[in-house]
Amino acid sequence: MTITLKKGGAAASIDPKGAQLTSYFDSVREHIWQADPAFWGKSFPILFPIVGFLKDNKTIYDSQEVTIPKHGFARDSAFSILDRQEDSAVFVLTENEETLVHFPRRFCLTVRYTLEEHGLVIAYTVENRDSRPMHYCFGLHPAINCPALPGEDFEDYRVEFDRPETIDSPQINAGTGVMELTQRTLYCQEEQALPLTYGMFDNDALTLEELHSTSVRLVGPSDTGTALAFSGFTSLGLWTPDHKRAPFLCIEPWVGMNDRSDEDGVFEHKYGVRTLSPAEKDQYSLTITPVKEG
């Protein structure tokens, strides 16, 4: 059962499976990719307790080998609906017998959607409900429609950062998913705009390992598009399916990422991993705002 929020002429829809945003319509246009499986059958997965791939889907947690599927299990899990109002809703995921097999910690992941006048605000809370420290990664995978307007093309668009950024992206090994740190492509260096081409995604995602910006804009020649503001994240991924010319771009704030070629397979040693003490919480947020035609 999809939950739909409304405020004025705007609307947002959320699927309790994965607490996944499936639509944000700002009264003029749709911002979220509508999950056409011909290109990619998802819209906005939540990534927990890992981001991306583990080598062979395996890691060492508590000195034991466990398997965790790509991007974790939250995106395919049924969230409970904790609260629902006309313009807001709260979804919660906690551990169960299945999650404990892959991730041996008691946790609570809370997602609050609030439709406001200026845009859609999403707040995330990760809580350690275990008696032991909890190591985890967390990320978002929003697919934004691109182009935003008829008659424009994906390659007319650019990603604008609010601070200068360098994208010296490690190559992702097609067989293992591991990031090869000695094989890199430099896409921009201390720049605030990245013009898009489909060719830059021929070898999977672009990875911005050290993120300085707290907001980005995806805009085209008419300066129309979508803005994303985020807090709590340390890295960023950019992705569209390779060789498909798909009409969307995923702008993905992360804490953690794929296994890297210099890592030893121990989960708590992963790049970007977070650690929570018992009863401790981390907070993250994402706000989606329309960028109007100028």
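To keep things clear, this report deals only with the structure shown in the data block. Chains are numbered independently. Their residues run from 1 in the order of the written sequence. Since the coordinates come from a predicted model, pLDDT governs what is reported: local features require at least 70, and pairs of side-chain atoms require 80 or more to be given and counted, while whole-chain, interface and lining totals use all residues. Calculation of side-chain values draws on the structure's entire complement of heavy atoms; hydrogens and water are dropped beforehand.

1. Comments concerning the state of the cysteines
- To count as a disulfide, a pair of cysteine sulfur atoms needs to be within 2.5 Å. Per the stated rule, a full pass over the model turns up zero disulfides.
- Cysteine Cys-108 shares no disulfide, and the gap to the nearest cysteine sulfur, in Cys-137, comes to 19 Å.
- Working definition: with a 1.4 Å probe on protein chains only, accessible area under 20% of the residue-type maximum means buried, over 50% means exposed, and in between means partly exposed. The exposure class assigned to Cys-108 is buried, which follows from its relative accessible area of 12%.
- The thiol of Cys-146 is not disulfide-bonded; the next cysteine sulfur, from Cys-250, is found 11 Å away.

2. Quick notes on the packing of aromatic side chains
- Only Phe, Tyr and Trp rings take part, Trp by its six-membered ring, and two of them pair if their centres are within 6.5 Å. Stacked means planes under 30 degrees apart, edge-to-face means over 60, and tilted covers everything else. Counting across every chain of the model gives 21 aromatic pairs.
- Pairing Trp-239 with Phe-248 gives two aromatic rings, centres 6.3 Å apart and planes at 55°, and the pair type is tilted.
- Judged by relative accessible area, which is 14%, Trp-239 ranks as buried.
- The ring centre of Tyr-271 lies 4.0 Å from the NZ or CZ of Arg-260, which sits over that ring. Whether a charge lies above a ring is judged from NZ of Lys or CZ of Arg, which has to be within 6 Å of the ring centre and within 35 degrees of the ring normal.

3. As for the environment of Val-101
- Under the scheme used here, helices are H or I runs from DSSP no shorter than 4 residues and strands are E runs no shorter than 2 residues, and both carry numbers assigned from the N terminus. Within the secondary structure, Val-101 is located in helix 1 (residues 97-102).
- On the accessibility criterion, Val-101 (54% relative accessible area) is exposed.
- Note: C-alpha distance between Val-101 and Phe-39 (62 residues apart in sequence) is 32 Å.

4. A closer look at the pattern of salt bridges
- When a carboxyl oxygen of Asp or Glu is within 4 Å of a side-chain nitrogen of Lys or Arg, the pair counts as a salt bridge. Enumeration according to the criterion identifies 20 salt bridges in this entry.
- Glu-95 is the salt-bridge partner of Arg-129, the closest N and O atoms lying 3.3 Å from each other. Of this pair, Arg-129 sits in the loop between strand 10 (120-128) and strand 11 (134-136) while Glu-95 is found in the loop between strand 8 (88-94) and helix 1, placing the two residues 34 residues apart along the sequence.
- The class of Arg-129 is partly exposed, set by a relative accessible area of 31%.
- Taking the relative accessible area as the measure of exposure, Glu-95 reaches 16% and is therefore buried.
- Here Lys-270 and Asp-259 are joined by a salt bridge, their closest N and O atoms 2.9 Å apart. Of this pair, Lys-270 sits in the loop between strand 20 (248-255) and strand 21 (274-276) while Asp-259 sits in the loop between strand 20 and strand 21, placing them 11 residues apart in sequence.
- Relative accessible area serves as the criterion here: at 9%, Asp-259 is assigned to the buried category.

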